[in-house]
Structure formats: C-alpha cells, structure tokens
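Here are the chains, one letter per residue:
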Amino acid sequence: MALRICLVTPHAWSVPHDTNEHVAGVADALRARGHAVIVLAPSSRSADLLAGRRALQTGVLDDIVAVSRAVPVSPRSAVGIPIGVRASVATALGHGNFDVVHGFDPGVPGLSYVALLEAETTTLATFIDPERLGFPPRRTHRDRLLARIDTLLATSDEVAARAGDRFPGAYTVVPAGIDLELFAPTQKAKRVVIETSAGGRAVVRASLRALRALGDWEAIVLRTGRLAARPSIPLRLRDRVHVRTGLTGDARAQILRSAAIVVPSPDGLRRLRDEAAAAGCAVVDPPDLASQPELAAAALLRFAEDEKARGKDAAARHASVSSSGFADVAEQLEGLYASAQGRRRTTKRQEAEPLADREWIVVDLHMHTNHSHDCSIDPAELVEHAEAENLGAIAVTDHNVFSGALETVELARGRDLIVIPGEEVKTDRDGEVIGLFLHEEIPRGMTFTDTVAAIREQDGVVYVPHPFDRMHSIPSPATLHHHLPEIDVLEVYNARLLFDAYNDEALRFARKYGLLAGAGSDAHVLQGVGTGALRMRRFDGPEEFLVSLRTASVLRRPKSLAYLQSLKWVAQMKERVAGS
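As the structure is a prediction and not an experimental result, all values here were calculated from the model.

## A closer look at the overall build of the protein
Now for step 1: Looking only at helices and strands, the protein has 19 helices and 21 strands in total.
Now for step 2: With respect to the three principal axes, the spread of C-alpha positions in the protein is 100 × 55 × 40 Å.
Now for step 3: Within the protein, the proportion of its 580 residues that are buried is 54%.
Now for step 4: The long-range share in the protein, meaning contacts at least 24 apart out of those at least 6 apart in sequence, stands at 71%.
Now for step 5: Working note: accessible area of the protein is about 25,700 Å², and carbon and sulfur atoms make up 50% of it.
Now for step 6: In the protein, 68 positive and 74 negative side-chain charges are present, and the distance between their average locations comes to 10 Å.

So this is what it looks like as structure tokens:
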C-alpha cells in the first residue's frame, strides 16, 4: 500500500551533508517503490525559502519543502527552537496528512526534533551523526521526545550505542545507503585516494611518505568537508599528487570509481568507506590508525605491491555493501513503517452502540481510602459522599493494598453505586500500574511486565495512571511502547497533577495509539472525589466496562490543588497527633 511519508532533516539542504545524502537517497528509493515522499528541511537559499513559504500558504507540498532558514541553534541556548519554526513544521504536517513522519538526527536542535513532537501519526527517528547528540539537554525533554517515537534507528552499531546513552531504547540498524550504480567500479588505475581532515593530517603525511617508494603510483588528496585542511605536498611528489574536493556523492564517485586504494581519515566522512567499497577499492583502515598513523603507510605499501591482496580486500568489501544500496534501505524502511503502523489500534465502527439502552453515569476511576498510607478517607464516608456527589461508580485503588477496596465493595452492596475493586501497584522502576476488577492483592516491587501479568491472571483491567507525570516515578517511554498491547486503559486526566501539560501529553498518546481513555480524581480527601471523572454508560463487569469506555467522555471538575493538598496535610497531622 502506498504511503504518504515525510522525511525531516535538521541540516541545511543547500549545503552538502552526510545526513542529507542519506535522506535524498532514501527519498528517491521510496518514491521508486510507489510512495509519496516529501522532505522538510531548512535552507540558506532565498529561492528555496520563497518556494517553501508559498507551499505552506497554498498547502501544495512537492518533493523538497524549505520550512525555515538554516540558522544554527546552540544546544545550550536558553531560547531553544524559534516558535516560528514550530509553527511552520506544524503547518506542513497538517497540510501533508502523512502516514509516517521520519525524523533524522533528532539530537540536533531543529526541524526533526520539532516534527517528531508535533506529529500525531506513526513516527520513526534515525540517528546518523554520533557527534550531534546534545539536544535537548534536559532528560525530561528527551523522555518526552522518546514517548513520541515509535521506532528508533541508527546507521551503525557504534551510532546506536552512542545514541542509546542519551536516548535509551531498542535500536534497529539500517545501512547508511549507497547509490550502487553511481559508484559502480571502472578500470582501476594505480591511484590512491587519501582523505584529509583536521584530525587526519598525520595519516596524510604517513601515506605521502609511503608514496615516495611507489614511483609509478599517483595520489589524490580528497577534501570531503568544507573546512577540511589543504595539506602541504612535498616538492618531489607534486607531479603525482593532486588535491580534489568531493563534498557530494557525484563528485566523490568520479574520483573513487577508478581508484585502486582508499585511505580514509579517522575522523573523516563516515560514508566514504562504504562508497570506496562499492567502487571496488581496497581500503586502508587498520585498527588504532588515529594513534598510530604509520600503520597507514605499511598497509598502503602492502596493497600497492601485492595486487592479489589488494584485489581480495576490494572484493570482500564490495560484497559487504552489495545489499546496502538505497533500494535495500528503502525496502527495510518499508517493513519498519508497516510494523510501526501496526502498533496503533483500530476500532471497528459499530452501527449501534451496544449499551445504548443503559443510563449515563459519572465514574471516578482513581481514588484512595485510609487503607493507603497517605490517605484519611473512611470507606463508609466515601460511599456516602460519592452518592451525595451523584457518582454512579467509583474505583477504589489504594496504594499496594487491597483491603480498602474490599471493604468499600461490601459497604456499597445493595446500593446503586458501583464500586470497582482495584489496587495501585508500585513497580520496581517503572512507576505504578492500577489493576481494576481484581479479586486479590498484588505485591509491590515487581517489574512492570510481571505486574501486568498478575493483573491479567485475575482477568483484571490494566489501567496506567498519570503516565507522564514527571514529578513522580513513571514508566519509561520504552516500557510504554513495549506494553501497548497489554494496556487496556490510559489515564488521560488526573485531577491532582501539578501541570496540566502532563494530562495533555497522555491524551495525545492515547489518541495516537487508539487506547481507551480513563480519568480519575486520585482523591486523598473526600473533597477531591469526583474532580476527575468520565461520563459513560452504566456497566456490569469488566467486559461491559471496556465496551462502555468506547463512548465515554472525560469530565474535568478541578478544584484548587493547593486547597486539596492542605486538607490532606491537615488530615495526616490529625492522625499523627491522635496516634501519639
């Protein structure tokens, strides 16, 4: 099935860049497979910006859309990404109606970071540049970004390991991609290509010294970066050594296709090794080259003097990249896109509402009694108060204890008030999970996985409370994504959260993945009961409860959090005084 795909890069499209070469190659290969692909990028060209502005105004996006000027933003900047950039990206995503938004190098302050936050569809992130992982500086912001990303990718194991230090998660490695036709080898000359860079000058000098002993060989000193230093060429080699610049793949292909040996710089262009392999070159890349540049001279002499060894190395490297073309990358990405899309739940539209004959009731799905260590609500008073507040159902979810729920169920027996027995269980490191419709207490301190399994063993409902309240311990983004199939209900409104943005983030997450939405007061005092609730059809048992949630709506009835917290503190002080 053809997809509408948005590829986003933070690097100026008007300036050659390794990441942009990857994006351009992937875009062309995906288009060749029948997908509609739009690239969002910054640019420093006035013509690009004018065309991008016109595209955003008309809503007609075509191939490359420049949505902002290429202005470097420091990772340590207090200003952050300009609000105008965010608005432009949001506008582009709105016009595009994309099935997939794929950001590259999101650790760079710019468009990819913004697009992944703004997207409300399937999202993927590819890390390419391991030196640019410093943004955003705060862990809470990185966690928010990770919660929006469905799939993490990296172009090598090294990049995945380095990215994983700041952006933890399970990474899939995809090739950096090569245009195999462009770099197809031709007749080889006795020519060595030596890459020059700021950190590779010693390697260049060692290679040129080796060239003195190779009277019938010539060399090209290749500048692959805009700021790469131009080395000094010894007088006796100037007729055999030439300096060339290869900032783009086209320029490098012309140089590499006829070369026999390539000496990459330790800190040079990462894709040069793959391009040299595709061009059928032997590659001088011994371990510890950066600290022992003379190793380059020894390897270069061996390859130049031993045609068999040179051919064997070139053949092995060429075979290693034979399945790393952009067409192969696009095929792999296509599968990853489909897999990521499969994580979103789709609810079949029903002609009739199954519980349409039931009355509407107000339900508070999260509250506590004095069986919790931090609450003073008496179960009998809770039942009376809930009925006085016209609540049709409540869920008693005490912290790591089940006795309060059982007592409240008994006190409500014979009344119209439905009491759902539950428990808010503390996991070992991933916050809390609520089990609804339980029969027995679940011990605290287990893993998130084991806690969910324990709820399932009782045929209970898995309810994840305040999933993005970063003022407290919460599930990691990786845990949430991993357990999406097991989560029955996600709490999208908790009346006790200090920042309402945490509730908004939960609502966005639930909508993206098609999760049923829950709401509760998280009351620790009677006055808080019912401040967060749902309006839903009356239900009987967990099956009807989940059916009723499909047509439920969230009710926000906030009271002053400071007022409710002060009541909680007063109640706790009274208990301490009475206990003493």
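## Digging into the sheet that holds strand 19 (residues 516-520)
Now for step 1: Spatially, 19-18-17-16-15-14-13-20-21 is the arrangement adopted by the 9 strands of the open sheet, whose pairing is mixed. The open sheet has two edge strands with one neighbour each: strand 19 and strand 21 (553-556). Taken over all neighbouring pairs, the strand axes of this sheet differ in orientation by 30° on average, direction set aside.
Now for step 2: Of the strand pairs in this sheet, strand 18 (residues 489-494) and strand 19 are connected by 5 bridges, and their pairing is parallel.

## Quick word on a nonpolar patch on the surface
Now for step 1: Residues Met471, Leu498 and Phe499 make up a contiguous nonpolar surface patch of about 310 Å² in total accessible area.
Now for step 2: Here Phe499 lies in the loop between strand 18 and helix 17 (500-513).
Now for step 3: On the accessibility criterion, Phe499 (40% relative accessible area) is partly exposed.

## Here's the deal with the pattern of salt bridges
Now for step 1: On inspection of all chains with the given rule, the structure shows 30 salt bridges.
Now for step 2: As a salt-bridge pair, Glu131 and Arg162 come within 3.2 Å of each other at their nearest N and O atoms. Linking Glu131 in the loop between strand 5 (122-127) and helix 5 (139-148) with Arg162 in helix 6 (residues 157-166), this pair joins segments that are 31 residues apart in sequence.
Now for step 3: For Arg358, the salt bridge goes to Glu544, with nearest N and O atoms at 2.8 Å. Separated by 186 residues along the polypeptide, Arg358 in the loop between helix 12 (326-341) and strand 13 (360-367) and Glu544 in helix 18 (residues 541-549) bring together distant segments of the chain.

## Structural notes on the nonpolar core
One broad rule of soluble globular proteins: the nonpolar side chains tend to lie buried together.
Now for step 1: Counting residues in hydrophobic clusters, the biggest one holds 41 residues, and the most contacted among them are Leu382, Ile394, Leu490, Phe509, Leu515 and Val529.
Now for step 2: Secondary-structure elements contributing two or more residues to this core are strand 13, helix 13 (379-388), strand 14 (393-399), strand 15 (418-426), helix 15 (448-457), strand 17 (461-464), strand 18 and helix 17.
Now for step 3: With residues up to four places along the chain from it excluded, the contact list for Leu382 reads Met367, Thr369, Ile377, Ile394, Val396, Thr408, Leu526 and Val529.
Now for step 4: Core analysis: the next-biggest nonpolar cluster, separate from the first, contains 37 residues, Val67, Val85, Leu117 and Leu133 among them.

## Side note on the side chain of Asp488
Now for step 1: If you trace the backbone, Asp488 turns up in the loop between helix 16 (477-482) and strand 18.
Now for step 2: Discounting chain neighbours no more than four positions away, the residues touching Asp488 are Arg345, Arg456, Gly460, Val461, Val462, Leu516 and Leu546.

## Description of the sheet that holds strand 6 (residues 151-154)
Now for step 1: Overall, parallel pairing links the 7 strands, which are arranged 3-2-1-4-5-6-7 in an open sheet. Either end of the sheet is taken by a strand with one partner, and the two such strands are strand 3 (64-69) and strand 7 (171-173). Ignoring which end each strand starts from, the neighbouring axes of this sheet average 25° apart.
Now for step 2: Strand direction decides the pairing type here: strand 5 and strand 6, joined by 4 bridges, are parallel. Along strand 6, the bridge assignment pairs Ala125 with Leu152.
Now for step 3: In this fold helix 1 (residues 18-32) packs onto strand 1 (4-8), strand 2 (36-43) and strand 4 (100-104), with an angle of close to 160° to the strand it touches most, strand 2.

## Focus on the packing of aromatic side chains
Now for step 1: Taken as a whole and judged by the stated rule, the model has 8 aromatic pairs.
Now for step 2: Judged by centre distance (5.2 Å) and plane angle (70°), the rings of Phe539 and Phe545 are edge-to-face.
Now for step 3: Take Phe545: its relative accessible area is 0%, and that puts it in the buried class.
Now for step 4: Through pairs of rings, three or more aromatic residues link up here, namely Phe127, Phe167 and Tyr171.
Now for step 5: Above the ring of Trp360, the side-chain terminus of Arg535 is found at 4.2 Å from the ring centroid.

## Concerning helix 12
Now for step 1: Here helix 12 spans 22 Å end to end across 16 residues, near enough to the 22 Å set by a 1.5 Å rise per residue.
Now for step 2: Taken together, the buried positions of helix 12 are occupied by Phe326, Val329, Ala330, Leu333, Leu336, Tyr337 and Ala340. Down the axis of helix 12, the smallest arc covering the buried residues is 125°, so these residues share one side.

## Concerning the pairing of strand 17
Now for step 1: Burial along strand 17 is two-sided: Val461 and Tyr463 and Val462 and Val464, pointing in opposite directions, are all buried.
Now for step 2: Note that strand 16 (residues 432-436) and strand 17 share 3 bridges and pair antiparallel. Within the sheet, the bridge partner assigned to Gly435 lies in strand 17 and is Val462.
Now for step 3: Pairing geometry for strand 17 and strand 18, over 2 bridges, is parallel. Bridge assignment links Tyr463 to a residue of strand 18, and that residue is Val489.
Now for step 4: Handedness of the β-α-β unit built from strand 17, helix 16 and strand 18 comes out right-handed.

## Overview of the side chain of Ser372
Now for step 1: For Ser372, the position within the fold is in the loop between strand 13 and helix 13.
Now for step 2: Here Asp398 takes part through its side chain, which lies 2.9 Å from a polar atom of the side chain of Ser372.
Now for step 3: Apart from the residues lying within four places of it in its own chain, the contact partners of Ser372 are Asp398, His399 and Val401.

## Concerning the environment of Leu336
Now for step 1: Looking at the secondary structure, you find Leu336 in helix 12.
Now for step 2: Leu336 gets classed as buried once you look at its relative accessible area, which sits at 15%.
Now for step 3: Considered as a pair, Leu336 and Leu153 are 183 residues apart in the sequence and their alpha carbons are 9.7 Å apart.

## Description of unusual backbone geometry
Now for step 1: The peptide bond linking Phe135 to Pro136 adopts the cis configuration, its omega dihedral lying at -10°.
Now for step 2: With respect to the helices, strands and loops of the structure, Pro136 is situated in the loop between strand 5 and helix 5.
Now for step 3: Here Asp105, not a glycine, exhibits a phi torsion of approximately 50°, which is positive.
Now for step 4: Along the chain, Asp105 falls in the loop between strand 4 and helix 4 (111-118).
Now for step 5: Even without glycine at this site, Asp522 takes up a positive phi of about 55°.
Now for step 6: Tracing the backbone shows Asp522 in the loop between strand 19 and strand 20 (532-537).

What counts, and at which threshold
- Residues numbered from 1 in each chain as written.
- Predicted model: local features only at pLDDT ≥ 70, side-chain atom pairs only at ≥ 80, totals over all residues.
- Heavy atoms only, no water.
- Helix = DSSP H or I, 4+ residues; strand = E, 2+ residues; numbered from the N terminus.
- Buried < 20%, exposed > 50% of the residue type's maximum accessible area, 1.4 Å probe, protein only.
- Contact = heavy atoms within 4.5 Å.
- Areas by Shrake-Rupley, 256 points an atom, 1.4 Å probe, with all protein chains shown as cover.
- Lys, Arg positive; Asp, Glu negative; His and termini not counted.
- Charge placed at Lys NZ, Arg CZ, Asp CG, Glu CD.
- Pairing = 2+ DSSP bridges.
- Axes fitted to C-alpha atoms, helices over the stretch in contact; angles between N-to-C directions.
- Patch = residues over 30% accessible without salt bridge, like charges linked within 9 Å, V, L, I, M, F, W, Y side chains within 5 Å.
- Salt bridge = Lys/Arg side-chain N within 4 Å of Asp/Glu carboxyl O.
- Core = buried A, V, L, I, M, F, W, Y, C linked by side-chain atoms within 4.5 Å.
- Phe/Tyr/Trp six-rings, centres within 6.5 Å; stacked < 30°, edge-to-face > 60°.
- Lys NZ or Arg CZ within 6 Å of the ring centre and 35° of its normal.
- Expected span 1.5 Å × (residues − 1).
- Arc of directions from axis to C-beta.
- Right-handed = clockwise from strand over helix to strand, strands pointing away.
- Polar contact = N/O pair within 3.5 Å; in protein donor to acceptor, adjacent residues only side chain to side chain.

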